[in-house]
Every structure is written in structure tokens, then in C-alpha cells.
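# Overview (structure and organization)
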Amino acid sequence: MKNSLLVLVFFMSTFVLSAQINKENSTVQTIAYWNLGEKHEYSITREQVKLKENDTISKEFSTYDVDITVVDSTATSYIVEWYYKNNKDQGNYELNEKENGLKIRFKTDEMGTFQEVLNLNEVQNYVKKTFDKLKNSINNTSKETEPFFNNMKNMFTTKEILESVFLNDIQVFHSFYGGQYTLSEVVEDQIEIDNVFGGSPYLADITLVLEDIDFEEDSYVLKYYQSINPEQLKTIVEDVSEQLSKGISSEKEKLDFDKLGIKGFENEVYIGSVIHDSGWVLYTNYTKSIALENYTKIENVIIEMK
């Protein structure tokens, strides 16, 4: 997500404005005008729905809160801490679930664009424990499947994948920082996105629009749509399946969509944010839809300031 918006460099301003919303020309610039020690509480709700054709085959729902605190501030960067609490579903060991007390510290630039996680070792250890819990929660786990879990654990604890997947809440929250946008101007482009699983970057079609400015409430609405090239997506999934299958059998295992007769494969992302003139996100809705022929998985995440 950070790579998607960074390529729109023609939106970037070379100087920092004293306010984000410019009433004269109906433009906004999303900048983190944050103060040292500033803290806000957010609620996060996550819903995952799996569909087969038009029938819902499963639905999962979880909620938790997060305190977001600016713990350091310089002329060129912020250090921010996310503290997770009030998790209502700690029995779910999916990678994107966050247990109470988990702290994530990361650095942004002076605009608020995410740069890197700072307590990497701490977060890596947390993810490793999550995978161990997941493995232990599955009944009749055979020794033959242990390499699969180990491969998955090693893959998802690399810095690149951890920041992209496990820190998805944070990436979504910071999606629009650093950009300058014009009211009702629709930007359509095809961009390259880094492949965190290794290999060549892949292409995505994007649409970006500043849909509304509320001058009375000093806030505005930004929307972003992304669709990944299906053929390149297949290649990525095939390569990942090969990496996860190492050590399971003597033969190389690689998922082949063509041999399986699978033709349709779609990955679409939507992010809509309401952002205040102070530089704080008020509300964000993130939806990711993965469609594989007659099977669809939809993940919906809402981050809202309390």
C-alpha cells in the first residue's frame, strides 16, 4: 500500500502547509501535524466472510481497540506506538489478530508516511508464537506437515512480509499521508508494487479520488481502489506455494492454475478514509476481496477514532 501511493509523486508538495485544507482551490494535503505525546484511541472491527457461489459458508468477527501515541517527534520524522487492548476474540490465532498488550513501534517521515517498524525482533517473536498456537490448535497435526508450518513461520517473519501483512492495520491507516489531492479529480494509473515474497514487482490498476471536503467540520474523504493483474497474481501464488512446500516431499510442489483448470482469479482492494485537518484519521474502511472462480473471501476492517 505504501508503494502504491508513493508512486504518485506528482501529488507531493515540496513544502509543508500550515493547514491541510485549502479552501481557495479545493485541495488538501495529508500531513501528520502531530504533537509529541499526543494520543488517540481507536476501535478496530474485522470481519471475514467466505462465499461459495452465492452462499455464505463462514463468517468471523472480531473487535479490539488501539491507543496510538506519538512518542517522539523531530523535524523529519515521527515515532509512533500502537498499543492493542480489549481484544474480544483471543481464541482466534489468525495472523492479523492482535493480543492485548501488544506494542508496535514504527517510524514515519515528517509527512506521516510509514517507513519501518522499530521493535522488529519483538514483533517477529510475537508472530512466531502466533504460528505455534495455530499449529497446536489444529487437531491431528502430522509430522509431515511440520515443514509447511515452519516454512510459513519463516516466510511471514521476514521484515518485508511482516510490515506488509501483519502491520496491515497500520499500513491502511497511513495510506494517504504525504499526498496532495484536488477535489473530484479522479486519478487512474497502472503502477508497479514491490513483491514482498521475492521475484519481480507486479502491476496493479489504481483509482484515487478526493471525493468530498467538509469545510464546516474541517475534514475530507479520500478513496482508493486497487486491482492486481490476474496473471501476475497467479504467478505470485504459485511461487509462494512452492516456497511453502519445501521439505514436505522429495518432488518440487508448485501450484499450477492451468493444470487445475482454474481461470478466474481476482484481488481487489478498497480504502476509504475521513481525515481531519489536524492530520488525524477519523474513520477508515478497508475491504479486500479475493475471488477464485466460484469461491470468494472478503475481509473488511473498520478503524474509527473513539
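No experiment lies behind these values; they were computed from the predicted model shown. (Residues numbered from 1 in each chain as written. Predicted model: local features only at pLDDT ≥ 70, side-chain atom pairs only at ≥ 80, totals over all residues. Heavy atoms only, no water.)

So, about the sheet that holds strand 8 (residues 180-182). In space, the three strands of this open sheet follow the order 1-2-8, with antiparallel pairing throughout. On the outer flanks of this sheet lie strand 1 (21-22) and strand 8, each paired with one strand and no other. Note that strand 2 (residues 27-29) and strand 8 share three bridges and pair antiparallel. Pairing of T27 across the sheet is with T182, part of strand 8. (Pairing = 2+ DSSP bridges. Helix = DSSP H or I, 4+ residues; strand = E, 2+ residues; numbered from the N terminus.)

Okay, the pattern of salt bridges next. Here the structure, examined in full by the defined rule, presents 14 salt bridges. Here D65 makes a salt bridge to K306, at a shortest N to O gap of 2.9 Å. Here D65, found in strand 4 (residues 55-73), pairs with K306, found in the segment after strand 14 (295-305); they are 241 residues apart in sequence, far enough to count as distant. (Salt bridge = Lys/Arg side-chain N within 4 Å of Asp/Glu carboxyl O.)

In this section: helix 6 (residues 230-244). For helix 6, which comprises 15 residues, the first-to-last C-alpha distance of 21 Å matches the rise-based estimate of 21 Å (1.5 Å per residue) to within 8%. Buried within helix 6 we find L233, K234, I236, E238, V240, S241 and L244. The opening residue of helix 6 is N229, an N-cap whose side-chain oxygen sits 3.1 Å from the backbone nitrogen of E231. (Expected span 1.5 Å × (residues − 1). Buried < 20%, exposed > 50% of the residue type's maximum accessible area, 1.4 Å probe, protein only. Polar contact = N/O pair within 3.5 Å; in protein donor to acceptor, adjacent residues only side chain to side chain.)

What follows deals with the confidence of the model for the chain. Chain-level statistics for the chain give a pLDDT mean of 84 and a share of 83% at 70 or above. The low-confidence segment residues 1-18 (pLDDT under 50) makes 43 contacts with residues lying over four places distant or belonging to another chain. (pLDDT = per-residue confidence, 0-100. Contact = heavy atoms within 4.5 Å.)

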